[in-house]
There are 4 protein chains.
Amino acid sequence: MITVLKSGVTTEQRAKLIEWFEEQGVKVHVSEGEYQTVLGLVGDTSKIDEDLVSALSIVETVKRISEPFKNANRKFHPDNTIIEVGGTKVGGGNFAIIAGPCSIESREQIIEVANDVKKSGATMLRGGAFKPRTSPYDFQGMKGEGLELLLEAKKATGLPIVTEIMNANHLPLFEDVDVIQVGARNMQNFELLKELGKTNKTILLKRGLANTMKDWLMSAEYIMAGGNENIILCERGIRTFETYTRNTLDLSAIPMLRSLTHLPIVVDPSHATGVAALVEPMALAAAAAGADGLMIEVHNNPQKALCDGPQSLTPEQFDHVVRRVNKVLEAVR
Amino acid sequence: MITVLKSGVTTEQRAKLIEWFEEQGVKVHVSEGEYQTVLGLVGDTSKIDEDLVSALSIVETVKRISEPFKNANRKFHPDNTIIEVGGTKVGGGNFAIIAGPCSIESREQIIEVANDVKKSGATMLRGGAFKPRTSPYDFQGMKGEGLELLLEAKKATGLPIVTEIMNANHLPLFEDVDVIQVGARNMQNFELLKELGKTNKTILLKRGLANTMKDWLMSAEYIMAGGNENIILCERGIRTFETYTRNTLDLSAIPMLRSLTHLPIVVDPSHATGVAALVEPMALAAAAAGADGLMIEVHNNPQKALCDGPQSLTPEQFDHVVRRVNKVLEAVR
Amino acid sequence: MITVLKSGVTTEQRAKLIEWFEEQGVKVHVSEGEYQTVLGLVGDTSKIDEDLVSALSIVETVKRISEPFKNANRKFHPDNTIIEVGGTKVGGGNFAIIAGPCSIESREQIIEVANDVKKSGATMLRGGAFKPRTSPYDFQGMKGEGLELLLEAKKATGLPIVTEIMNANHLPLFEDVDVIQVGARNMQNFELLKELGKTNKTILLKRGLANTMKDWLMSAEYIMAGGNENIILCERGIRTFETYTRNTLDLSAIPMLRSLTHLPIVVDPSHATGVAALVEPMALAAAAAGADGLMIEVHNNPQKALCDGPQSLTPEQFDHVVRRVNKVLEAVR
Amino acid sequence: MITVLKSGVTTEQRAKLIEWFEEQGVKVHVSEGEYQTVLGLVGDTSKIDEDLVSALSIVETVKRISEPFKNANRKFHPDNTIIEVGGTKVGGGNFAIIAGPCSIESREQIIEVANDVKKSGATMLRGGAFKPRTSPYDFQGMKGEGLELLLEAKKATGLPIVTEIMNANHLPLFEDVDVIQVGARNMQNFELLKELGKTNKTILLKRGLANTMKDWLMSAEYIMAGGNENIILCERGIRTFETYTRNTLDLSAIPMLRSLTHLPIVVDPSHATGVAALVEPMALAAAAAGADGLMIEVHNNPQKALCDGPQSLTPEQFDHVVRRVNKVLEAVR
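Calculation rules
Here the residue numbering is sequential within each chain, running from 1 through the sequence in written order. Chains and ligands are labelled by the order in which they are written, letters from A for the one and numbers from 1 for the other. Reporting of local features is limited, given that this is a predicted model, to residues whose pLDDT is at least 70; pairs of side-chain atoms are given and counted only at 80 or more, and all residues count toward the totals for whole chains, interfaces and linings. Excluding hydrogens and water, the side-chain values take into account all heavy atoms of the structure. In short, DSSP must find at least two bridges between two strands for them to pair. Segments assigned H or I by DSSP are reported as helices when at least four residues long, segments assigned E as strands when at least two residues long, and all are numbered from the N terminus. Fitted lines through C-alpha atoms give the axes, limited to the stretch in contact for helices. The angle between two N-to-C directions lies from 0 to 180 degrees. Contacts between residues were defined by any pair of non-hydrogen atoms, one from each residue, lying within 4.5 Å. Superposition of the copies used a least-squares fit over C-alpha atoms from residues whose pLDDT is at least 70 in both. Any carboxyl oxygen of Asp or Glu within 4 Å of a side-chain nitrogen of Lys or Arg constitutes a salt bridge here. Only protein chains enter the accessibility calculation, which uses a 1.4 Å probe; a residue whose area is less than 20% of its type maximum is buried, one above 50% is exposed, and one in between is partly exposed. Throughout, the accessible surface (probe 1.4 Å) given up by two parts as they are put together, summed over both, is called the buried area. Under the rule applied, a polar contact is a pair of N or O atoms within 3.5 Å (in protein, one hydrogen donor and one hydrogen acceptor; residues adjacent in sequence only if both atoms are side-chain atoms). The nonpolar class holds Ala, Val, Leu, Ile, Met, Phe, Trp, Tyr, Cys and Pro. Asp, Glu, Lys and Arg form the charged class, and all remaining residues, Gly among them, are polar. Centres within 6.5 Å make a pair out of two Phe, Tyr or Trp rings, where for Trp the six-membered ring is used; the pair is then stacked when the planes are under 30 degrees apart, edge-to-face when over 60, and tilted otherwise. Roughly parallel means an angle under 35 degrees; roughly antiparallel, over 145; roughly perpendicular, 65 to 115; everything else is oblique.

A. Focus on the sheet that holds strand E9 (residues 161-164) of chain B. All names here are of chain B. The eight strands lie next to each other as E7-E8-E9-E10-E11-E12-E13-E14, forming a closed barrel whose pairing is parallel. Geometrically, the sheet is characterised by an average inter-axis angle of 25 degrees between neighbouring strands, direction not taken into account. Where strand E13 (residues 265-267) and strand E14 (residues 293-297) come together, two bridges link them in parallel fashion. The residue of E14 that forms the bridge with Val-267 is Leu-294. Contacts from helix H7 (residues 253-260) reach strand E12 (231-235) and E13, with the element oriented near 170 degrees to E13.

B. Just the relation of the copies chain A and chain C, in detail. Expressed as a screw operation, the relation of chain A to chain C combines 0.0 Å of axial shift with a rotation of 180 degrees, fitting to an RMSD of 0.1 Å. Look at the turn and shift together and you get a two-fold axis relating the two. Identified as the residue of chain A closest to the rotation axis by C-alpha distance is Ala-285 of chain A, at 2.0 Å. Comparing interface residues between copies, 100% of those in chain A also lie at the interface in chain C; the contact surface is shared.

C. Structural context of the sheet that holds strand E4 (residues 59-63) of chain D. Residue and element names in this part refer to chain D. In space, the four strands of this open sheet follow the order E2-E3-E1-E4, with antiparallel pairing throughout. Looking at the sheet topology across the chains shown, the edges are occupied by strand E2 (27-32) and E4. Within this sheet the neighbouring strands show an average axis-to-axis angle of 20 degrees, counted without direction. Bridge count between strand E1 (residues 2-5) and strand E3 (residues 37-42): four bridges; the pairing is antiparallel. What sits directly across from Thr-3, in E3, is Leu-39. Across the sheet, helix H1 (residues 11-23) is in contact with E1, E2, E3 and E4; its angle to E2 comes to roughly 150 degrees.

D. Broad picture of the pattern of salt bridges. Applying the stated rule across the entire model yields 56 salt bridges over all chains. Residue Lys-206 of chain A is joined to Asp-268 of chain A by a salt bridge in which the shortest nitrogen-to-oxygen separation is 2.6 Å. With Lys-206 of chain A in strand E11 (residues 202-206) and Asp-268 of chain A in the loop between strand E13 (265-267) and helix H8 (269-273), this residue pair connects regions lying 62 residues apart in the sequence. Residues Glu-152 of chain B and Arg-107 of chain B are paired through a salt bridge, measuring 2.8 Å at the closest nitrogen-oxygen approach. Linking Glu-152 of chain B in helix H4 (residues 143-157) with Arg-107 of chain B in helix H3 (residues 107-120), this pair joins segments that are 45 residues apart in sequence. The class for Arg-107 of chain B is partly exposed, based on a relative accessible area of 45%. One network of salt bridges, with partners in common, ties together Arg-207, Glu-235 and Asp-250 of chain A together with Glu-242 of chain C.

E. Expanded view of the interface of chain A and chain C. Contacts between the two partners involve 38 residues from chain A, matched on the other side by 38 residues from chain C. Together chain A and chain C conceal approximately 3,000 Å² of surface at their shared face, both sides included; 72% is due to carbon and sulfur atoms. Three residues, Phe-241, Tyr-244 and Ser-252 of chain A, lead the burial of chain A against chain C; their summed loss comes to 23% of the area buried on that side. Here chain A and chain C share two salt bridges between them. Its salt-bridge partner being Arg-207 of chain A, residue Glu-242 of chain C comes within 2.8 Å of it at the nearest N-O pair. There are eight residue pairs in polar contact (both at pLDDT 80 or more) connecting chain A and chain C. Of all elements in the fold, only helix H6 (213-225), helix H7 (253-260), helix H9 (276-288) and helix H10 (315-332) of chain A reach the threshold of two or more residues within the side of chain A that touches chain C. When residues in the side of chain A that touches chain C are grouped by element, the largest group, six residues, is from H9 of chain A. Residues that form the side of chain A that touches chain C fall into these classes: 22 nonpolar, seven polar and nine charged.

F. Here's a closer look at the environment of Asn-186 of chain A. Relative to the helices and strands, Asn-186 of chain A resides in the loop between strand E10 (179-182) and helix H5 (190-197). Sequence-wise, Asn-186 of chain A and Lys-16 of chain A are 170 residues apart; in three dimensions their C-alpha atoms are separated by 40 Å. Ignoring sequence-local partners within four residues, the contact set of Asn-186 of chain A consists of Ile-165, Met-166 and Leu-192 of chain A together with Asn-189 of chain B.

G. Expanded view of the packing of aromatic side chains. Considering all chains together, one arrives at 12 aromatic pairs over all chains under this definition. Note on Phe-130 of chain C and Phe-174 of chain C: the rings are 6.2 Å apart at their centroids and 25 degrees apart in plane angle, and the pair reads as stacked. Remark: Phe-174 of chain C occurs in the loop between strand E9 (161-164) and strand E10 (179-182) and Phe-130 of chain C occurs in the loop between strand E8 (124-126) and helix H4 (143-157); sequence separation between them is 44 residues. Arranged with centres 4.6 Å apart and planes meeting at 25 degrees, the rings of Phe-190 of chain D and Tyr-222 of chain D form a pair that is stacked. Residue Phe-190 of chain D is located in helix H5 (residues 190-197), and its partner Tyr-222 of chain D is located in helix H6 (residues 213-225); the two are separated by 32 residues in the primary sequence. The residues Phe-190 of chain D and Tyr-222 of chain D share a single accessibility class, namely buried.

H. Summary view of the packing of helix H5 (residues 190-197) of chain B against helix H6 (residues 213-225) of chain B. All names here are of chain B. Between H5 and H6, whose axes approach to 6 Å, the crossing angle comes to 40 degrees. Taken together, H5 and H6 sit at an angle that is classed as oblique. In contact with Phe-190, Leu-193, Lys-194, Leu-196 and Gly-197 of H5, H6 contributes Ser-219, Tyr-222 and Ile-223. Partitioned by chemical class, the residues of the contact of H5 with H6 number five nonpolar, two polar and one charged.

I. Seen up close, the relation of the copies chain C and chain D. Rotating chain C by 180 degrees about the axis while translating it 0.0 Å along that axis superimposes it on chain D, leaving an RMSD of 0.1 Å. Of the residues that chain C buries at the interface, 98% are likewise interface residues in chain D, meaning the two copies contact each other through the same surface.

Listed below in structure tokens is the structure:
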């Protein structure tokens, strides 16, 4: 961390600031220029509050050189984290294929889709019971009843399940859920993150629509600071000015995060693009870019159903995607 | 709402869709073109799920013409909403000046600042007790203890108070709070919004960093759908590529929202810019653009304190802002 | 194109507008609602000025259903365009590998790099002679002299060459250049596009930093409207709030553009990410997503040279990328 | 400028780099940490190519502390620049009101509008002769003929004129033009900027849609590096995800630029918002925020004309805006 002091700072003021830094456990190197003095902070600066320092009247600017995240940081944990959940692995060469409908609609639907995606090679089943919707008038999910049906599908197929939580008070309902998803709109719901940090559940943490990779890793850090290190990051597109796609899928996040963190990274091409025809090419691209897995929306009867998004694949289309993804994975290994 | 059908849709498929639309309570006008058929939906389309319709295999595109929000919509409520809280009014010509420190730090601090800002003309006192911070290692606020101190400052000065909620479970602590703030990162925490919709508290709803005005009004709609119509919207900047300012303050949102909704709109120039020197010019601009109020960070001793943001004003600077804002308000009346 | 009229429009005003639309060669279907009248325009609406229509006092909104681009539109040209240039092909299953230094620095450098990349499988040589730089104080390229050296490298290796034009007045210097690049910052330099439309050169049109795919195709349309249909589109990242990468590479543009246009699409992972370590994974991802080619920065001596960007690969790294890209191409075919 | 070296850099490598920096005329302070060495560069670093340094294999990161612009920098030119053109002044307390139609359509139109806006208090007349349009099929302006008509309007009213240039080859036509406008899409057309730097014309430089304030000042620097210091900056909105407004007007750019540069800053609320009803509130806000002037689209007969944008005001509306703006200017003085 570099702290540039304003010109005119007195020796006393400077000494006081340096003393305070040293109390935080970092060493300070002073570099005096003609117009300004630069303090170089060496050591673990992750716990120093950047906003606080830059607010001081004697400070011109503060720039971080090392990252403010620590538990999630690859520098301190060079080996890839491998998540083991419900008999399947994610990360460190283990590729996850998470598939299922956007919303759980009925026992018949979820069990049929679960069987279909398992046959095609899915390693986990997804399905939404609590649905975050922009409008209060849109379908909000089957809630507790949906969770029950998802658990039945888990029993029927043996697939571990992934489903979204929107409220920490619902945690008791998630006892038999394998992976708890935190949606994009809750990525900075810090109260929820803290509660999840107290559990030992695997958390699938989606990237927020307006969040940098740094914000994202800081949200992972919230969960990890509580003691839960079982986190899978999920890239699902960011908000830009482009309107042909719902969001802009940021695949460069895969190799970039790979260098910054040891946590596994999966990609959701369905929500990122919002267009069924783009799911396959983006799934292939994610695999080629080094993702640790995919999360894909599959619906058994898109023509008839009213609740699938326009980005859902049929089981046949999904089967085709998995076969091609596997070819790409072989090619890049 | 306009629904464009794909070419090749059969008469039967079309009839079935029209029937379904009519069941939702809207009238359908069919316009047949050479290549495509357009269905024009007339009536209250706010409860039709756009995603759901666009997901149908026979539909090419769906475009809304009327807005999906209803309770917040000026079309159905032409008069400005005036919020009355703690003896003060916001909206419909009543200009609110909400001021106070980012974080409550001590009894001495909050009471001193409260007295200072009251003297300068503030109509409400703000102060953060529960602080949403990007990093788990940054100061998270004094929480319940902070709320107690804020209530003391309310008693001491008679100013109604505004403070942020991060967790619906904390609601009992907010019983004597006049205005509950929902922060930008929780704007789409729908579970929180629903709980606030069940209260009769005034809610100050901040705009999310990546949220359009439509998203924002839909979040207001969540609260209103629960029966609570006491909402103040607060513009605080959106995320863009610009780096000189923390966010980009979108002042055009003021007149735009004015035409879309009857709810009052206040502006927070402190968080939007992140730079103390920009607070005054942006406060003046907001007043000139027709805002119903301002929310400004004021700290009594920025030199000494470690917790104020770099955007805090001293009480003297704040006093200067209020005097100039009042001149602008007179000029534009 | 859908035109929604304001309520209160007289029958005469409406008839006049319909008459005017019909004069532009389109048919108009009228759909009368309780509150508003919708005009559906059928036929070739690409030449109707949307801004102009929406400016009329009797019009509430205008929404395009068909695209405003025509020559670039796949609807009217279902077959993929295959560009043939200097003995090599791009598009329709022909994968281009364009490689070379950001800037031409010396005869030795450009010829050495040209030989290196040819050996590894490059199908074209790139090299900048005229360099658009954000700062007037940064190196602006070797200009005419650089072009001469690039032509020497072309002779020495037989590779067709790609180089950027910044000024239509320089066109005579580009007579022996195979592919003329239009940089991101000139994507909407319409005067330049018009001049290039009068030539029969192949144009590599980079996407602008803040441009939607629609803007981009409209810029291609500028060139095509002049009679030159030899265009290669090049995705190179868009500007977002993310700061770890220079820009955000939008790979979903590949399949999206594939459905919208018949023009070939290549990807430049070097400029998009600005980080050498991200070039290989993004090159693999682009190949998997169905790109028609890649454009990659290669420098023969990054350690010594002062002018390569931090995103340049060494010839050895480039060789590795090509071998892996070829494997991915096989896997997805 | 701070240069952080990679760990493992040899003493020789470091010495060589320091030597090179010193050759560029800057002093280097070395700060050695446990894990990394930081070089602090002191002096005029504006001519050091940041990309070039960060490309070096021994460099981890480079961060600028001082700005890369010099001629435009307030630090080196503390006094406000006042532009004098055609008998009117802009900057340093002189408020410019530039008004006129988007496009020049006829002698009658431009002269009528010119008289109207002059009567209301406009200090300059604007009118587009060369029009940059996204589509090649949209109206491209009356070109040379339009310029002739604009010069007639100048003679008739005595108002200095502002009009856009799209091609440096057209410069001879602009001999009697008082202020030459560079449009947003040409803000980084560096060849055009260089040519304008050789003239002594006043240049109105609009901000690009995806350009930071730093980019913008670097573009001003291009013109100034050529010797022409007569530049007016014009904020006209940036591209964001918001869709209710055409662009997002960034009014915080006014006070931010005020601290960074001595050049005058005007605001174009018409193009920024694209909505006539937002022009007045945004004009008032710009005046309150400290702008040096406004640029407003005015059309004499929006109902009849086909070429005005939906953001044009009638002369009556414009008159109302000017009267209110003057009241705000008085209030903030």
